[in-house]
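Here is what each chain is made of, one letter per residue.
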Amino acid sequence: MAVMSPLMNDCFLRALRRQPVQRTPVWLMRQAGRYLPEYRRVRERAGSFMRLCTTPELACEVTLQPLERFRLDAAILFSDILTLPDAMGLGLEFVEGEGPRFQKPLRQISDIDQLPIPDPERELRYVTDTVRLVRRHLSGRVPLIGFSGSPWTLATYMVEGGGSRDFRRVKGLLYEYPRAAHALLSKLAEAVALYLDAQIAAGVDAIMVFDTWGGVLSAAHYRQFALAYAQRALEGVRRRGGEAPVPAILFTKGGGQWLEAMAASGYDALGLDWTADLGEARRRVGHRVALQGNLDPLVLYAPEAVIRTEVKQILQQFGPGSGHVFNLGHGVDPGVDPARVGCLVDAVHEFSPLFHQEGP
Ligand code: 1CP
């Protein structure tokens, strides 16, 4: 069990619980990554993306890099959602300029039956070691977010063998072999629950489930194959977890149309992409969950005056009161100038106190 140190800045956790805060907390998806020159240097030193992920000292270093530059209210573990399928034996490699690829993608129904459920403290020890190391280095400055891909999003990569444009194979599985799809997703829900639980035991303060490809499904399939298993994974964590479970965030790209169902899934907060209207989302579900998001990541290519105006608009859309975590609607683009990221973070610090005058 991790040694608990009191957090100096807990406004992110308070906002997730919709407790009063003095300003809106801010962190950014992919806040550690290629747009930072110091990240590119460590990435080069590591030799490969996987070496970076599997070397706790290096993964810890890049986790902390964005916090040195920007006044962020949370750190996110540096890792990738695809390390879990790698630990299930699929053999992950990152091909330069092409993105992730599995050496042994799922090609037959029998591949699903044979998939092992990894013991995170063994096969993913490098992740829990990184969590413990980051916790030590943070010494309570800000909370640390642990994460996993959702069962559905992991299944897309495992069946397609890598990134995909049309999701033909994995959608084929849903339509032609729904029982096999359910078997795969059940196994993944269990693996995700164990994995998140191990991250919590190692010391993360919140968990986030990335359902990046939930939005490519029909409404009925989204409920049956994506949301149901994201929910099952969370229930698995909660069954195992201690008395005070850490808050959980569900991010679904393209999920704006299904907010009510997502808000009933047990997650404490929903991550929204940039296509959703934050004010409307709050009216629909804000009495049940906190909301995280949702500035268009490409705003970061615009001049600073535009970034500041757009930040203000997002804050105005959500309106006064707690329950909002400022973020982008998806990750920071690799070509963005870090100075623009600083401008965004500073703008949230400057404008958001106005929306929390009833705060503690
Ligand atoms: O060249 C490099 O350095 C690799 C680029 C990179 C980085 C920086 C990849 C490969 N992954 C990451 C880190 C990462 N991935 C984090 C780190 C923490 C942070 O946010 O700062 C996180 C949370 C992820 C999660 C992740 N990986 C998701 C879900 C979130 C999202 O962006 O939608 C997904 C879909 C992936 C798969 C993945 N990993 C990397 C790439 C290029 C991709 C996308 C592949 C594709 O579908 O085309």
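Keep in mind that this is a model prediction, so the values were computed, not measured.

Conventions used here
Residues numbered from 1 in each chain as written. Predicted model: local features only at pLDDT ≥ 70, side-chain atom pairs only at ≥ 80, totals over all residues. Heavy atoms only, no water. Helix = DSSP H or I, 4+ residues; strand = E, 2+ residues; numbered from the N terminus. Buried < 20%, exposed > 50% of the residue type's maximum accessible area, 1.4 Å probe, protein only. Areas by Shrake-Rupley, 256 points an atom, 1.4 Å probe, with all protein chains shown as cover. Lys, Arg positive; Asp, Glu negative; His and termini not counted. Charge placed at Lys NZ, Arg CZ, Asp CG, Glu CD. Near = heavy atom within 4 Å. Polar contact = N/O pair within 3.5 Å; in protein donor to acceptor, adjacent residues only side chain to side chain. Nonpolar A, V, L, I, M, F, W, Y, C, P; charged D, E, K, R; others polar. Core = buried A, V, L, I, M, F, W, Y, C linked by side-chain atoms within 4.5 Å. Phe/Tyr/Trp six-rings, centres within 6.5 Å; stacked < 30°, edge-to-face > 60°. Pairing = 2+ DSSP bridges. Contact = heavy atoms within 4.5 Å. Axes fitted to C-alpha atoms, helices over the stretch in contact; angles between N-to-C directions. UniProt positions renumbered as here; feature names shortened; annotations may be inferred.

Participant: Could you give an account of the overall build of the chain, naming the residues involved and the relevant values?
Facilitator: Along the backbone of the chain there are 16 helices and 9 strands. On the principal axes, the C-alpha backbone points of the chain span a range of 60 × 45 × 45 Å. Buried residues in the chain amount to 57% of all 360 residues. Carbon and sulfur atoms form 49% of the exposed surface of the chain, whose accessible area is close to 15,200 Å². In the chain, the 41 positive side-chain charges and the 40 negative ones have mean positions that sit 1 Å from each other.

Participant: Describe the site of the ligand, listing the residues and the values that go with them.
Facilitator: As a structural note, the neighbourhood of the ligand is formed by 23 residues, with Arg30, Tyr39, Asp80, Tyr157 and His330 the closest of them. At 2.6 Å from a nitrogen atom of the ligand is found a side-chain nitrogen or oxygen belonging to Asp80. At a separation of 2.6 Å, an oxygen atom of the ligand approaches a polar side-chain atom of His330. When isolated, the ligand has an accessible area of 900 Å², and the protein chains bury 86% of it. Grouping the constituent residues of the shell around the ligand by class yields 14 nonpolar, 5 polar and 4 charged.

Participant: Please provide a residue-by-residue account of the nonpolar core, values included.
Facilitator: Core analysis: the largest hydrophobic core is formed by 134 residues, its most contacted members being Phe12, Val311 and Leu344. With 12 residues, the single largest contributor to this core is helix H11 (residues 178-202).

Participant: If you had to explain the packing of aromatic side chains to someone new, which residues and values would you point to?
Facilitator: Using the criterion set out here, one finds 7 aromatic pairs in the structure. Summarising the aromatic geometry, the rings of Phe147 and Phe210 are spaced 5.5 Å apart at their centres and angled 90 degrees between planes, so their arrangement reads as edge-to-face. With Phe147 in strand S4 (residues 144-149) and Phe210 in strand S5 (residues 206-211), this residue pair connects regions lying 63 residues apart in the sequence. For the pair shown, Phe147 and Phe210 are each scored as buried. Ring centres 6.2 Å apart and planes at 70 degrees place the aromatic pair Phe210 and Phe251 in the edge-to-face group. In this pair, Phe210 is assigned in strand S5 and Phe251 in strand S6 (residues 248-252), connecting sequence segments 41 residues apart. By relative accessible area, which is 12% here, Phe210 ends up buried.

Participant: So what's going on with the sheet that holds S5? Residues and values would help.
Facilitator: Read across the open sheet, the 7 strands follow the order S1-S4-S5-S6-S7-S8-S9; overall the sheet is parallel. Each edge of the open sheet is held by one strand with a lone partner, namely strand S1 (75-76) and strand S9 (324-328). Note: strand S8 (residues 290-295) against S9, 5 bridges, orientation parallel. The residue of S9 that forms the bridge with Leu295 is Leu328. Across the sheet, helix H14 (residues 278-285) lies against strand S7 (269-271), S8 and S9, angled at about 165 degrees from S8, the strand it touches most.

Participant: Give a detailed account of the UniProt feature "site: Transition state stabilizer" (unreviewed entry) in the chain, specifying residues and quantitative values.
Facilitator: Under the local residue numbering, the UniProt record ascribes the feature "site: Transition state stabilizer" (unreviewed entry) to Asp80. Mapped onto the secondary structure, Asp80 falls in the loop between S1 and helix H5 (83-90). In this structure, Asp80 is in contact with Arg30, Phe49, Cys53, Phe94 and Phe147, ignoring residues within four places of it in sequence. A polar side-chain atom of Asp80 sits 3.0 Å from the main-chain amide nitrogen of Leu82.

Participant: With reference to specific residues and values, describe unusual backbone geometry.
Facilitator: Backbone torsion omega between Gly293 and Asn294 reads -5 degrees, so that peptide bond is classified as cis. Within the element layout of this structure, Asn294 appears in strand S8.

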